[in-house]
Amino acid sequence: MRIKNFYNLVSLFLTILFLISTVYAQDVQDKYNAKVRELNEVRAKMGAPDISTEKYEELSAKYKAIEQEIKGLEGQLKANVEYTKKLNDSKTAYNDGNDAFKKGQYEQAITFYKQAISLDPNNAGAYYGKGITLVKQRKYNDAVTAYTKATEIDPSDERSFSALGSAYNRLKQYDQAIDAYTKALDLNQQHYTTMYNLGLVYNKKKDLKNAIKYFMMATQVKPDYYKAFNSLGAAYVESGQVDNAIMAFENAIAIKPNYDEPMYRMAAAYNKVGKYADALKAAEECIKVSRKFDAAAHFEAGVASKQLGNTQSALTHFKEASKDRRWRKNAEYEIDLINKGL
């Protein structure tokens, strides 16, 4: 909470600086206008028909002094106009980069984002855009650099911290990913995608307690987050909490009825606890709707059928599973056991 408050203060400070600069620009313009009026008044007095030489020289000196002041103010106004133009040109280049990115023109997008940054080194959005484009090009180290710069410029931008976490995750730098994701959550405690990604990272680190914690948090914030329920179920299985896993898989399927992965995983979970009829039912449902997990589902259906005493059905399922090289070894082993009467 302290971190969030700090970032809010930084954001407020940047806003105040912008307002101050705007007020300052207007103040310079007002001074310039006043000096031009004063110069015209002096010039008018200098042109009076009855003016004395002494008075003329006095006004002439004043005229030259005001001219110098006006030149100084003109320099400030010119600098301000050039600066404003650079900011506007930077925004235009940034928008062009976004358009190119949406069209899949990644090299062109990078060119536009670099142009935006060269015009305005404080354009955090351009650094973020550059980062997501570099990720598309699988240049994850460069993306980390871009996202890090974006967070330095705007420490209140949760999306840059979240994206930074994802880039670190791609590089398998899990501790750095956790740090970045945590900062994103400090800024937005309702960001369920960041919670989910944190769960995935902790799962990779085999920290199942924290993985379950963040998957569950994601489902609490977004109750229809079927992917989070599926990952929560998988983490429960890994931690030995099979009953909880089955409930999580059921939730995922209830939200998305044709979601194949939790069907297969639920079949495997039911087999683990000896509920073979339920396992067979879940596996058969998965086979109906899935290509990606059909071999895995056939294997679990084979296990369930074997335990239920239906060896012919088990053989059929194991033979289907063996067609996939990922399951061939295990399936052929089961087929050999059945043929041996074991």
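About the thresholds
- Residues numbered from 1 in each chain as written.
- Predicted model: local features only at pLDDT ≥ 70, side-chain atom pairs only at ≥ 80, totals over all residues.
- Heavy atoms only, no water.
- Helix = DSSP H or I, 4+ residues; strand = E, 2+ residues; numbered from the N terminus.
- Contact = heavy atoms within 4.5 Å.
- Areas by Shrake-Rupley, 256 points an atom, 1.4 Å probe, with all protein chains shown as cover.
- Patch = residues over 30% accessible without salt bridge, like charges linked within 9 Å, V, L, I, M, F, W, Y side chains within 5 Å.
- Salt bridge = Lys/Arg side-chain N within 4 Å of Asp/Glu carboxyl O.
- Lys, Arg positive; Asp, Glu negative; His and termini not counted.
- Charge placed at Lys NZ, Arg CZ, Asp CG, Glu CD.
- Buried < 20%, exposed > 50% of the residue type's maximum accessible area, 1.4 Å probe, protein only.
- Core = buried A, V, L, I, M, F, W, Y, C linked by side-chain atoms within 4.5 Å.
- Axes fitted to C-alpha atoms, helices over the stretch in contact; angles between N-to-C directions.
- Parallel < 35°, antiparallel > 145°, perpendicular 65-115°, else oblique.
- Left-handed = near helix turned anticlockwise from the far one by under 90°.
- Nonpolar A, V, L, I, M, F, W, Y, C, P; charged D, E, K, R; others polar.
- Expected span 1.5 Å × (residues − 1).
- Polar contact = N/O pair within 3.5 Å; in protein donor to acceptor, adjacent residues only side chain to side chain.

J.: Explain the overall build of the protein here, please?
T.: Secondary structure assignment for the protein yields 16 helices and zero strands. In the protein, the proportion of contacts linking residues at least 24 apart, taken out of those at least 6 apart, comes to 47%. Within the structure as shown, the protein displays about 19,700 Å² of accessible surface, and the carbon and sulfur contribution to it stands at 50%.

J.: Teacher, can you tell me more about the environment of Thr133 here?
T.: When you line up the elements, Thr133 lands in helix H4 (residues 124-136). In the structure, Thr133 is positioned 27 residues away from Tyr106 in sequence and 6.0 Å away in space, judged by C-alpha atoms.

J.: What exactly am I supposed to notice about a positive patch on the surface here?
T.: A cluster of basic residues, Lys136, Arg138, Arg170, Lys172 and Lys204, forms a positive patch at the surface. Tracing the chain through its elements places Arg138 in the loop between H4 and helix H5 (140-153).

J.: I tried to follow the pattern of salt bridges on my own but got confused; where do I start?
T.: Two side chains with opposite charge may pair up if their charged atoms get near one another. Considering all chains together, one arrives at 12 salt bridges under this definition. The salt bridge partner of Asp157 is Arg159, with a shortest N-O separation of 3.2 Å. Glu320 is the salt-bridge partner of Lys323, the closest N and O atoms lying 3.0 Å from each other. Overall, the relative accessible area of 60% leaves Lys323 in the exposed class.

J.: Can you walk me through the nonpolar core in this structure?
T.: Soluble globular proteins tend to bury their nonpolar side chains together. Tyr147, Leu198, Leu232, Met266, Phe318 and Trp327 are the most contacted members of the largest nonpolar core, which totals 67 residues. In this view, Tyr147 contacts Tyr128, Gly131, Ile132, Val135, Ser160, Ala163, Leu164 and Ala167; residues no more than four positions away in its chain are not counted. In this structure, Ala100, Tyr113, Ala126 and Ile153 belong to the second largest nonpolar core, which totals 13 residues.

J.: Please clarify how the packing of helix H7 (residues 174-187) against helix H8 (residues 192-204) should be interpreted in this entry.
T.: Axes are the key here: two packed helices are described by the angle between their axes and the distance separating the axes. Relative orientation of the contacting elements H7 and H8 amounts to 160°, with a least axis distance of 10 Å. Overall, the two elements H7 and H8 adopt an arrangement that is roughly antiparallel. The two elements H7 and H8 cross, and the hand of that crossing is left-handed. Contact residues: Tyr174, Ala177, Ile178, Tyr181, Thr182, Ala184 and Leu185 in H7; Thr194, Met195, Asn197, Leu198, Val201, Tyr202 and Lys204 in H8. The class makeup of the residues in the contact of H7 with H8 is 10 nonpolar, three polar and one charged.

J.: Would you mind going over the packing of H8 against helix H10 (residues 226-238) with me for this structure?
T.: Contact geometry of H8 with H10 gives a least axis separation of 11 Å together with a crossing angle of 25°. The pairing of H8 with H10 is recorded here as roughly parallel in orientation. In this structure, the crossing between H8 and H10 has a hand that is left-handed. Contact residues: Tyr196, Leu200 and Asn203 in H8; Lys227, Ala228, Ser231 and Ala235 in H10. In terms of residue class, the contact of H8 with H10 is built from four nonpolar, two polar and one charged.

J.: Would you mind going over H4 with me for this structure?
T.: The periodicity of an α-helix, 3.6 residues per turn, causes residues three or four positions apart to be oriented the same way. Taking 1.5 Å per residue as the helical rise, H4 with its 13 residues ought to reach 18 Å, and the 19 Å between its terminal C-alpha atoms agrees with that figure. Among the residues of H4, those classed as buried are Ala124, Gly125, Ala126, Tyr127, Tyr128, Gly129, Gly131, Thr133 and Leu134. Its side-chain oxygen 3.3 Å from the backbone nitrogen of Gly125, Asn123 forms the N-cap of H4. Within two residues after H4, Arg138 carries a phi angle of roughly 60°, on the positive side.

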